[in-house]
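Analysis of the macromolecular model
So the chains spell out like this:
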Amino acid sequence: MNSLELSILESFDLMHHHLQLFAKQLLQEQPRCWLPNALSPHTELATLYSDIWYQDGTDGRETRSRWGLVGCSSGLLQQAEQANTHKNLFKKAISDYKKQTGSLPGELLQKRSSIVAEKLNRSGLARLHLKQCYRQIPILDKPPSHVGFSWYTSGRSIRKLTIPQVEAMLLKLDTSQTHIQMQLAALGNLKPGELLAQLQPQVPVMRANIAWKYKTHTVRKARNCPLPILFPLKPEQPFPEHNEPDINPPEKRQRMERSDLQIDPNPFLPSLRIHRYN
(Lines give C-alpha, C1' and ligand atoms only; values in the text may rest on other atoms or scores of the structure.)
Protein backbone atom coordinates (compact mmCIF):
# COMPACT_ATOMS: atom_id res chain seq x y z
CA MET A 1 0.00 0.00 0.00
CA ASN A 2 1.49 3.37 -1.01
CA SER A 3 1.51 6.55 1.07
CA LEU A 4 -1.50 8.07 -0.72
CA GLU A 5 -3.64 4.99 -0.05
CA LEU A 6 -2.48 4.89 3.55
CA SER A 7 -3.37 8.57 3.98
CA ILE A 8 -6.88 7.92 2.64
CA LEU A 9 -7.51 5.01 5.00
CA GLU A 10 -6.13 6.85 8.02
CA SER A 11 -8.13 10.01 7.29
CA PHE A 12 -11.28 7.96 6.68
CA ASP A 13 -10.90 6.12 9.98
CA LEU A 14 -10.35 9.39 11.87
CA MET A 15 -13.31 11.08 10.17
CA HIS A 16 -15.59 8.16 10.97
CA HIS A 17 -14.27 8.03 14.55
CA HIS A 18 -14.92 11.72 15.22
CA LEU A 19 -18.38 11.60 13.66
CA GLN A 20 -19.22 8.75 16.01
CA LEU A 21 -17.82 10.66 19.00
CA PHE A 22 -19.94 13.68 18.09
CA ALA A 23 -23.07 11.56 17.65
CA LYS A 24 -22.45 9.80 20.97
CA GLN A 25 -22.02 13.09 22.86
CA LEU A 26 -25.13 14.53 21.23
CA LEU A 27 -27.15 11.55 22.44
CA GLN A 28 -25.69 11.91 25.93
CA GLU A 29 -26.32 15.66 26.26
CA GLN A 30 -29.79 15.71 24.62
CA PRO A 31 -29.44 19.42 23.64
CA ARG A 32 -32.42 21.68 23.01
CA CYS A 33 -33.35 21.34 19.39
CA TRP A 34 -36.00 21.69 16.72
CA LEU A 35 -36.22 19.03 14.01
CA PRO A 36 -39.45 19.01 11.97
CA ASN A 37 -41.57 15.86 12.13
CA ALA A 38 -39.08 14.04 14.34
CA LEU A 39 -40.43 11.34 16.64
CA SER A 40 -37.06 10.90 18.35
CA PRO A 41 -35.15 14.08 17.47
CA HIS A 42 -31.82 13.34 19.16
CA THR A 43 -31.57 9.85 17.69
CA GLU A 44 -32.45 11.23 14.26
CA LEU A 45 -29.92 14.05 14.62
CA ALA A 46 -27.14 11.62 15.53
CA THR A 47 -27.98 9.54 12.46
CA LEU A 48 -28.11 12.59 10.18
CA TYR A 49 -24.71 13.96 11.13
CA SER A 50 -22.94 10.60 10.93
CA ASP A 51 -24.60 9.45 7.69
CA ILE A 52 -21.85 8.93 5.10
CA TRP A 53 -23.28 5.94 3.22
CA TYR A 54 -25.08 5.23 -0.02
CA GLN A 55 -28.48 3.66 0.45
CA ASP A 56 -29.80 1.01 -1.90
CA GLY A 57 -32.24 2.28 -4.50
CA THR A 58 -31.28 5.96 -4.17
CA ASP A 59 -29.65 8.34 -6.65
CA GLY A 60 -25.98 8.58 -5.69
CA ARG A 61 -25.77 12.12 -7.05
CA GLU A 62 -28.18 13.40 -4.42
CA THR A 63 -27.52 13.99 -0.74
CA ARG A 64 -30.03 13.34 2.00
CA SER A 65 -30.97 16.64 3.59
CA ARG A 66 -32.84 17.81 6.68
CA TRP A 67 -33.11 21.22 8.29
CA GLY A 68 -33.40 22.17 11.91
CA LEU A 69 -31.75 23.97 14.84
CA VAL A 70 -29.61 22.60 17.67
CA GLY A 71 -28.47 24.65 20.69
CA CYS A 72 -25.18 23.18 21.88
CA SER A 73 -22.76 23.23 24.78
CA SER A 74 -19.20 24.37 24.05
CA GLY A 75 -18.02 20.76 24.33
CA LEU A 76 -20.51 19.51 21.76
CA LEU A 77 -19.53 22.31 19.37
CA GLN A 78 -15.88 21.36 19.76
CA GLN A 79 -16.70 17.78 18.82
CA ALA A 80 -18.56 19.03 15.73
CA GLU A 81 -15.59 21.19 14.76
CA GLN A 82 -13.26 18.22 15.14
CA ALA A 83 -15.52 16.17 12.88
CA ASN A 84 -15.48 18.96 10.28
CA THR A 85 -11.69 19.15 10.43
CA HIS A 86 -11.38 15.44 9.70
CA LYS A 87 -13.97 15.68 6.92
CA ASN A 88 -11.70 18.25 5.26
CA LEU A 89 -8.61 16.08 5.78
CA PHE A 90 -10.39 13.10 4.21
CA LYS A 91 -11.50 15.25 1.27
CA LYS A 92 -7.91 16.45 0.77
CA ALA A 93 -6.59 12.88 0.86
CA ILE A 94 -9.07 11.89 -1.85
CA SER A 95 -8.17 14.99 -3.89
CA ASP A 96 -4.42 14.27 -3.62
CA TYR A 97 -4.99 10.69 -4.77
CA LYS A 98 -7.11 11.83 -7.71
CA LYS A 99 -4.47 14.36 -8.81
CA GLN A 100 -1.77 11.69 -8.74
CA THR A 101 -3.70 8.84 -10.35
CA GLY A 102 -6.51 10.54 -12.30
CA SER A 103 -9.15 8.37 -10.63
CA LEU A 104 -10.92 7.79 -7.34
CA PRO A 105 -9.73 4.99 -5.02
CA GLY A 106 -12.94 3.00 -5.50
CA GLU A 107 -11.77 -0.51 -4.57
CA LEU A 108 -9.81 0.77 -1.58
CA LEU A 109 -12.79 2.69 -0.17
CA GLN A 110 -15.21 -0.10 -1.05
CA LYS A 111 -13.21 -2.58 1.04
CA ARG A 112 -12.74 -0.28 4.03
CA SER A 113 -16.33 1.02 4.11
CA SER A 114 -17.65 -2.54 3.78
CA ILE A 115 -15.69 -3.57 6.86
CA VAL A 116 -17.00 -0.60 8.85
CA ALA A 117 -20.55 -1.19 7.65
CA GLU A 118 -20.35 -4.83 8.70
CA LYS A 119 -19.10 -3.84 12.15
CA LEU A 120 -22.03 -1.46 12.53
CA ASN A 121 -24.50 -4.06 11.22
CA ARG A 122 -25.65 -1.60 8.55
CA SER A 123 -26.85 -3.92 5.81
CA GLY A 124 -27.05 -2.35 2.37
CA LEU A 125 -24.80 0.57 3.30
CA ALA A 126 -21.48 -0.79 2.14
CA ARG A 127 -20.42 2.11 -0.08
CA LEU A 128 -19.28 5.56 0.92
CA HIS A 129 -21.24 8.59 -0.23
CA LEU A 130 -18.38 11.02 -0.82
CA LYS A 131 -20.58 14.13 -1.04
CA GLN A 132 -22.03 13.34 2.38
CA CYS A 133 -18.55 12.68 3.71
CA TYR A 134 -17.35 16.06 2.49
CA ARG A 135 -20.23 18.30 3.54
CA GLN A 136 -19.60 20.25 6.69
CA ILE A 137 -21.74 20.25 9.81
CA PRO A 138 -23.12 23.84 9.85
CA ILE A 139 -21.97 25.77 12.93
CA LEU A 140 -22.75 29.35 14.01
CA ASP A 141 -20.43 31.28 16.34
CA LYS A 142 -23.29 33.00 18.21
CA PRO A 143 -26.89 32.06 18.98
CA PRO A 144 -29.19 33.73 16.43
CA SER A 145 -32.20 35.82 17.37
CA HIS A 146 -34.33 34.52 14.53
CA VAL A 147 -34.03 31.99 11.70
CA GLY A 148 -36.38 32.10 8.73
CA PHE A 149 -36.42 28.94 6.60
CA SER A 150 -37.60 29.07 2.99
CA TRP A 151 -37.37 26.88 -0.11
CA TYR A 152 -35.12 28.05 -2.92
CA THR A 153 -36.41 26.53 -6.15
CA SER A 154 -34.86 28.80 -8.79
CA GLY A 155 -31.34 27.39 -8.79
CA ARG A 156 -29.71 26.19 -11.98
CA SER A 157 -26.23 25.55 -13.32
CA ILE A 158 -25.10 27.19 -16.56
CA ARG A 159 -22.36 25.71 -18.73
CA LYS A 160 -21.02 27.82 -21.60
CA LEU A 161 -20.29 25.81 -24.76
CA THR A 162 -18.94 26.50 -28.24
CA ILE A 163 -20.67 25.34 -31.42
CA PRO A 164 -18.07 22.55 -32.04
CA GLN A 165 -18.53 21.29 -28.48
CA VAL A 166 -22.31 21.15 -28.88
CA GLU A 167 -21.99 19.49 -32.28
CA ALA A 168 -19.79 16.77 -30.77
CA MET A 169 -22.41 16.21 -28.07
CA LEU A 170 -25.20 15.91 -30.64
CA LEU A 171 -23.19 13.46 -32.75
CA LYS A 172 -22.97 11.13 -29.75
CA LEU A 173 -26.77 10.81 -29.86
CA ASP A 174 -28.71 8.69 -32.34
CA THR A 175 -28.21 10.76 -35.49
CA SER A 176 -30.65 8.57 -37.43
CA GLN A 177 -33.47 10.24 -35.49
CA THR A 178 -35.21 13.09 -37.32
CA HIS A 179 -35.25 15.42 -34.31
CA ILE A 180 -31.47 15.03 -33.88
CA GLN A 181 -30.91 15.78 -37.58
CA MET A 182 -33.07 18.90 -37.26
CA GLN A 183 -31.06 20.10 -34.28
CA LEU A 184 -27.77 19.50 -36.15
CA ALA A 185 -29.12 21.55 -39.05
CA ALA A 186 -30.20 24.37 -36.72
CA LEU A 187 -26.75 24.36 -35.13
CA GLY A 188 -25.14 24.58 -38.55
CA ASN A 189 -27.07 27.79 -39.30
CA LEU A 190 -25.50 29.69 -36.41
CA LYS A 191 -22.71 32.20 -36.91
CA PRO A 192 -19.25 30.80 -36.11
CA GLY A 193 -18.03 31.79 -32.68
CA GLU A 194 -21.46 32.05 -31.04
CA LEU A 195 -21.54 30.75 -27.48
CA LEU A 196 -24.38 28.58 -26.23
CA ALA A 197 -25.58 27.72 -22.73
CA GLN A 198 -26.50 24.33 -21.34
CA LEU A 199 -28.91 24.69 -18.43
CA GLN A 200 -29.36 22.17 -15.66
CA PRO A 201 -32.11 22.87 -13.11
CA GLN A 202 -30.96 22.15 -9.58
CA VAL A 203 -33.00 20.38 -6.95
CA PRO A 204 -34.83 22.66 -4.49
CA VAL A 205 -32.82 23.51 -1.40
CA MET A 206 -33.79 24.88 1.98
CA ARG A 207 -32.29 28.27 2.78
CA ALA A 208 -31.88 29.70 6.27
CA ASN A 209 -32.10 33.48 6.66
CA ILE A 210 -30.35 34.07 9.99
CA ALA A 211 -30.61 37.27 12.03
CA TRP A 212 -28.70 38.50 15.08
CA LYS A 213 -30.44 41.47 16.69
CA TYR A 214 -28.40 43.98 18.69
CA LYS A 215 -29.42 47.24 20.39
CA THR A 216 -28.35 49.44 17.48
CA HIS A 217 -28.43 47.16 14.47
CA THR A 218 -29.28 43.75 13.05
CA VAL A 219 -26.84 41.43 11.29
CA ARG A 220 -28.24 39.06 8.67
CA LYS A 221 -26.78 36.09 6.89
CA ALA A 222 -28.24 33.52 4.49
CA ARG A 223 -26.99 29.99 3.92
CA ASN A 224 -28.13 26.67 2.57
CA CYS A 225 -28.90 24.19 5.32
CA PRO A 226 -28.68 20.55 4.17
CA LEU A 227 -28.15 19.64 7.82
CA PRO A 228 -29.54 21.11 11.06
CA ILE A 229 -27.62 24.19 12.18
CA LEU A 230 -25.60 24.09 15.41
CA PHE A 231 -25.06 27.15 17.60
CA PRO A 232 -23.91 27.83 21.18
CA LEU A 233 -26.72 28.01 23.71
CA LYS A 234 -26.49 28.29 27.48
CA PRO A 235 -29.24 26.86 29.70
CA GLU A 236 -30.55 30.32 30.62
CA GLN A 237 -30.69 31.58 27.02
CA PRO A 238 -33.93 31.44 25.00
CA PHE A 239 -34.15 29.20 21.95
CA PRO A 240 -34.13 31.26 18.72
CA GLU A 241 -37.41 32.18 17.09
CA HIS A 242 -38.01 30.38 13.81
CA ASN A 243 -40.72 29.64 11.29
CA GLU A 244 -41.87 26.19 10.18
CA PRO A 245 -41.80 25.87 6.37
CA ASP A 246 -43.67 23.25 4.39
CA ILE A 247 -41.94 19.87 4.35
CA ASN A 248 -42.23 19.66 0.56
CA PRO A 249 -40.91 22.35 -1.82
CA PRO A 250 -43.37 24.32 -3.98
CA GLU A 251 -44.00 22.86 -7.42
CA LYS A 252 -43.48 26.13 -9.28
CA ARG A 253 -40.57 28.56 -9.35
CA GLN A 254 -40.91 31.20 -6.66
CA ARG A 255 -39.12 33.92 -8.60
CA MET A 256 -40.63 35.78 -11.53
CA GLU A 257 -38.77 35.43 -14.82
CA ARG A 258 -36.99 38.67 -15.69
CA SER A 259 -37.76 40.35 -18.99
CA ASP A 260 -34.07 41.14 -19.60
CA LEU A 261 -32.69 37.62 -19.23
CA GLN A 262 -29.39 37.08 -21.01
CA ILE A 263 -30.40 33.53 -21.89
CA ASP A 264 -33.42 32.71 -24.05
CA PRO A 265 -35.77 30.70 -21.79
CA ASN A 266 -36.87 28.59 -24.79
CA PRO A 267 -34.45 25.71 -25.51
CA PHE A 268 -32.66 25.94 -28.86
CA LEU A 269 -31.60 22.26 -28.82
CA PRO A 270 -34.05 20.49 -26.50
CA SER A 271 -32.25 17.14 -26.51
CA LEU A 272 -29.26 18.70 -24.72
CA ARG A 273 -31.01 21.54 -22.85
CA ILE A 274 -29.01 24.01 -24.97
CA HIS A 275 -30.15 27.64 -25.02
CA ARG A 276 -29.01 30.69 -26.99
CA TYR A 277 -27.91 33.94 -25.39
CA ASN A 278 -30.13 36.93 -26.17
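See the structure shown above.
Report on the accompanying structure.

Reading the values: rules and limits
Residues numbered from 1 in each chain as written. Predicted model: local features only at pLDDT ≥ 70, side-chain atom pairs only at ≥ 80, totals over all residues. Heavy atoms only, no water. Core = buried A, V, L, I, M, F, W, Y, C linked by side-chain atoms within 4.5 Å. Buried < 20%, exposed > 50% of the residue type's maximum accessible area, 1.4 Å probe, protein only. Helix = DSSP H or I, 4+ residues; strand = E, 2+ residues; numbered from the N terminus. Contact = heavy atoms within 4.5 Å. Salt bridge = Lys/Arg side-chain N within 4 Å of Asp/Glu carboxyl O.

1. A word on the nonpolar core
Residues Phe-22, Tyr-49, Ile-52, Phe-90, Ile-137 and Leu-230 are the most contacted members of the largest nonpolar core, which totals 29 residues. Looking at this core, the elements that each hand over two or more residues are helix H1 (3-29), helix H2 (41-49), strand S2 (69-72), helix H3 (74-101) and helix H5 (130-134). Element by element, the count of residues in this core is highest for H3, at eight residues. In this structure, Tyr-49 is in contact with Leu-19, Phe-22, Leu-26, Val-70, Ile-137, Leu-227, Pro-228, Ile-229 and Leu-230, ignoring residues within four places of it in sequence. The next biggest cluster of nonpolar side chains, apart from the first, holds 15 residues, and it includes Leu-140, Val-147, Phe-149 and Trp-212.

2. A few points about the pattern of salt bridges
Going through the model one piece at a time under the given rule, you end up with three salt bridges. Close ionic contact of Arg-66 with Glu-44 constitutes a salt bridge, the shortest N to O distance being 3.0 Å. Remark: Glu-44 occurs in helix H2 and Arg-66 occurs in the loop between H2 and S2; sequence separation between them is 22 residues. For Glu-44, a relative accessible area of 24% gives the class partly exposed. Among the ionic pairs, Glu-194 bridges to Arg-276, the shortest N-O distance being 2.9 Å. Taken together, the residues span a long stretch of sequence, with Glu-194 in the loop between helix H7 (178-188) and strand S5 (196-201) and Arg-276 in strand S10 (residues 274-276) at a distance of 82 residues. Judged by relative accessible area, which is 18%, Glu-194 ranks as buried. Relative accessible area serves as the criterion here: at 33%, Arg-276 is assigned to the partly exposed category.

By themselves, these figures tell us nothing about what the structure is for.
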